[in-house]
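# What the coordinates show
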Amino acid sequence: MRLALLGGGNEAANLAVAAARLGHSVVALCDMPAGDPLESSPLAARASHTHWEDLLGGLAEAVIVGRTSADPAAREDQLRKLVQQAVPLAVVHPGCEAITGFELEMIRRDLGASIASYLPILWDPAIAELEALFGAEGRLGPMRQVGLEREGRAVSLEEIWNLLAGDIELVRRWFGPIRLVSALGTPPEQLMVQATTVGGAAAQWSFGPVLRSAGVRIALTGAGGKAVLALTDEAGSTSRSLQIVDQASEETREIAAGDPAARFLEGWLGKGDSAEAISVPKPEWAAACRDVETAETARHSLRRNKTLELYHEEHSEQQTFKGMMAAGGCLALLLTLAAFLVAMLLDSLLPLREFGWWRAWPVCVFAPLGIFLLLQAVQVILALDRRHGSKERPPES
C-alpha cells in the first residue's frame, strides 16, 4: 500500500520504518521538521519530498500524521482538509486540541472517513500481559485502582501534557470515562493528577525527576493482589519488568520487547494492499479526543486550583446548532425588548404618530423575532434530509 508521512517525530518514524518492513511503500514525506529522525535515513532518500496538499490528489492511499511539524500553525487545516477528502489517517496521539478533534469527528461521521489514533504503549506486549492478570478469570481479580508514575529528564510543559493525554487512555480503557479531575504541582519539574471515573474508581498520575530510571511505572491493584509494570528507557534500550504480588506469592518476570508500530500497522492496514482493507483499531478517534479533553481539563484544574468535572457532552452538528440557536435566541429577546422600550419612549415624547410609516413600528420590532423562530425549522429539515439520505445509501459490504 502507498503511504505518506505528514510531519515527524519518533513515533511517526517508527511507523514509517515498520510499514516499509511489512512491505508497504512510503512514497512521500511532507511537512517534516528539521532534524527529524527520518531525515537522513534510506527511507527518506527513496521517498519524494512534496507539499502536503499533494496528498489531497491521491498521491498516497493512507497518511501517517506525526506529532511534530515544520509548520505547526497549519496542522489543524491540514487535518481538516485531509478528512474532508476522506483520506485514511493514522494520527500519533495526541494529534490536535480537543475542540479540533471533535470537529474532525463530526466531519468523519458525515463522510464516513477513517481516522485511527496511534498510542505506542497500547500496542506494547507488556500491556497485554498486565491486563491478562486481571478480570473475572485473572489471577488478581477485578481491577480496583491504578497509579501511573512517570520519571523523565527535562522536557517541555507541552510534552508533559501530551504524556498525560496518552496515559489517560489506559485509565479510560480499564475503568471507563473520567468524571472528576484535579491537578497540582509545579510543572515541568513535578506534576500530580488525580482522577475519578464515572464508576467511582480512583486513578493517580504523576510526573517528576528521575529517581530510579526514566520511564513509566504502572501499579494496578485488584481484588486479589497488585501488579507493577515498569517500562524503563536507559541508554536507548527499553526494558520491561512485571512484579506480581498476591496473597500467596510474589514474583518478578522480564517481558520480551515487541514492535508496537508493526502490531498497530497490522491492525490498521490489515493484510490487504488497498485502502479497502483499512480498519480502525482502538482507541477510536472520538475516544482519543476525550483523552485530550481530560488532559486539557487537568491543565485548567492546575491553573484554577480546584477539582473540575467532565460532562462528556456529545459533539455533533445538532448539538452545535442547538447551542448557537440558544445563544441567538437570548440575544434576539434582549434586542427585541430594547427596541420595544426605545419605540415606546419615542412614541410618547415625539409626535411621530402623524407619519404612516411609524404606525408599523411593532412589525419592525417583532418581525426579526418571528424570522428567528422560523429558523428553528432548519434543524427538522436537515434531520429529515439526513434520514432520507441514509435510506438511499447502499449498505456497506
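The coordinates are above.
Reference entry: report on the structure contained in this document.

This part is about the nonpolar core. Ranked by internal contacts, the top residues of the largest apolar core, which has 73 residues, are Leu130, Val146, Trp174, Ile218, Leu229, Phe264 and Trp268. Contacts of Trp174, omitting those with residues within four sequence positions, involve Ile127, Leu130, Glu131, Met143, Val146, Ile218 and Leu220. Counting 25 residues, the second-largest nonpolar core is a separate cluster that includes Leu6, Val65, Leu89 and Ala113.

Strand order in the open sheet made by the 6 strands is E3-E2-E1-E4-E5-E6, with parallel pairing throughout. What marks the edges here is a single partner per strand, and that holds for strand E3 (48–49) and strand E6 (115–118). As paired strands, strand E1 (residues 2–6) and strand E4 (residues 62–65) are joined by 4 bridges and run parallel to one another. Of the residues in E4, the one forming a bridge with Leu6 is Val65.

This paragraph deals with the side chain of Ser182. Counting through the fold element by element, Ser182 comes out in strand E8 (residues 178–186). The buried category is assigned to Ser182, whose relative accessible area is 18%. Those residues within four positions of Ser182 in sequence are excluded, and the remaining contacts are Met192, Val193, Gln194, Ser301 and Thr307.

Another aspect to go through is the pattern of salt bridges. Between side chains of opposite charge, a pair can form as their charged atoms come close. For the structure shown, the criterion picks out 20 salt bridges. Of the charged contacts in the structure, one is a salt bridge between Arg108 and Glu105, with a shortest N-O distance of 2.9 Å. Separated by 3 residues within a single helix, Arg108 and Glu105 lie in helix H4 (residues 98–111), roughly one turn from each other. Residues Glu131 and Arg173 are paired through a salt bridge, measuring 2.6 Å at the closest nitrogen-oxygen approach. Here Glu131, found in helix H5 (residues 125–131), pairs with Arg173, found in helix H6 (residues 157–175); they are 42 residues apart in sequence, far enough to count as distant. Classification of Arg173 as partly exposed rests on a relative accessible area of 39%. Connected through salt bridges with shared partners, the residues Glu129, Arg139, Asp246, Glu251 and Arg253 form a single ionic network.

All right, on to the packing of aromatic side chains then. Going through the model one piece at a time under the given rule, you end up with 3 aromatic pairs. With a centroid separation of 4.8 Å and an interplanar angle of 45°, the aromatic rings of Tyr118 and Phe264 are classed as tilted. Note that Tyr118 is positioned in strand E6 and Phe264 in helix H7 (residues 260–269), a separation of 146 residues in sequence. You can call Tyr118 buried: its relative accessible area is 2%. Classification of Phe264 by relative accessible area gives buried; the value is 0%. On the numbers, 6.0 Å between centres and 25° between planes, the contact of Phe264 with Trp268 is stacked. Placement of the pair is Phe264 and Trp268 together in helix H7, with a separation of 4 residues, close to one helical turn. Taken together, Tyr118, Trp123, Phe264 and Trp268 form an aromatic cluster joined through their ring pairs.

All right, on to the environment of Phe340 then. As for its placement among the helices and strands, Phe340 is situated in helix H9 (residues 317–349). Judged by its relative accessible area of 31%, Phe340 falls in the partly exposed class. As for Phe340 and Trp361, which are separated by 21 residues in sequence, their C-alpha atoms are 8.9 Å apart. Discounting residues that sit within four places of it in the chain, Phe340 has contacts with Trp361, Val365 and Phe366.

The next thing to look at is unusual backbone geometry. The omega angle of the peptide bond from His93 to Pro94 is -5°, so this bond is cis rather than trans. Topologically, Pro94 is positioned in the loop between strand E5 (89–92) and H4. In this structure, Pro188 follows Pro187 across a cis peptide bond, with omega equal to 10°. In this structure, Pro188 sits in the loop between E8 and strand E9 (190–197). Backbone geometry at Asp31 places phi at a positive 55°, although glycine is not the residue there. You can see Asp31 is positioned in the loop between strand E2 (25–30) and helix H2 (42–46). When its relative accessible area of 15% is taken as the criterion, Asp31 is described as buried. Phi angles above zero are rare outside glycine, and Asn305 is one such case at about 60°. Mapped onto the elements, Asn305 comes out in the loop between helix H8 (285–304) and strand E15 (308–309).

Each value, and the rule that gives it
Residues numbered from 1 in each chain as written. Predicted model: local features only at pLDDT ≥ 70, side-chain atom pairs only at ≥ 80, totals over all residues. Heavy atoms only, no water. Core = buried A, V, L, I, M, F, W, Y, C linked by side-chain atoms within 4.5 Å. Buried < 20%, exposed > 50% of the residue type's maximum accessible area, 1.4 Å probe, protein only. Contact = heavy atoms within 4.5 Å. Pairing = 2+ DSSP bridges. Helix = DSSP H or I, 4+ residues; strand = E, 2+ residues; numbered from the N terminus. Salt bridge = Lys/Arg side-chain N within 4 Å of Asp/Glu carboxyl O. Phe/Tyr/Trp six-rings, centres within 6.5 Å; stacked < 30°, edge-to-face > 60°.

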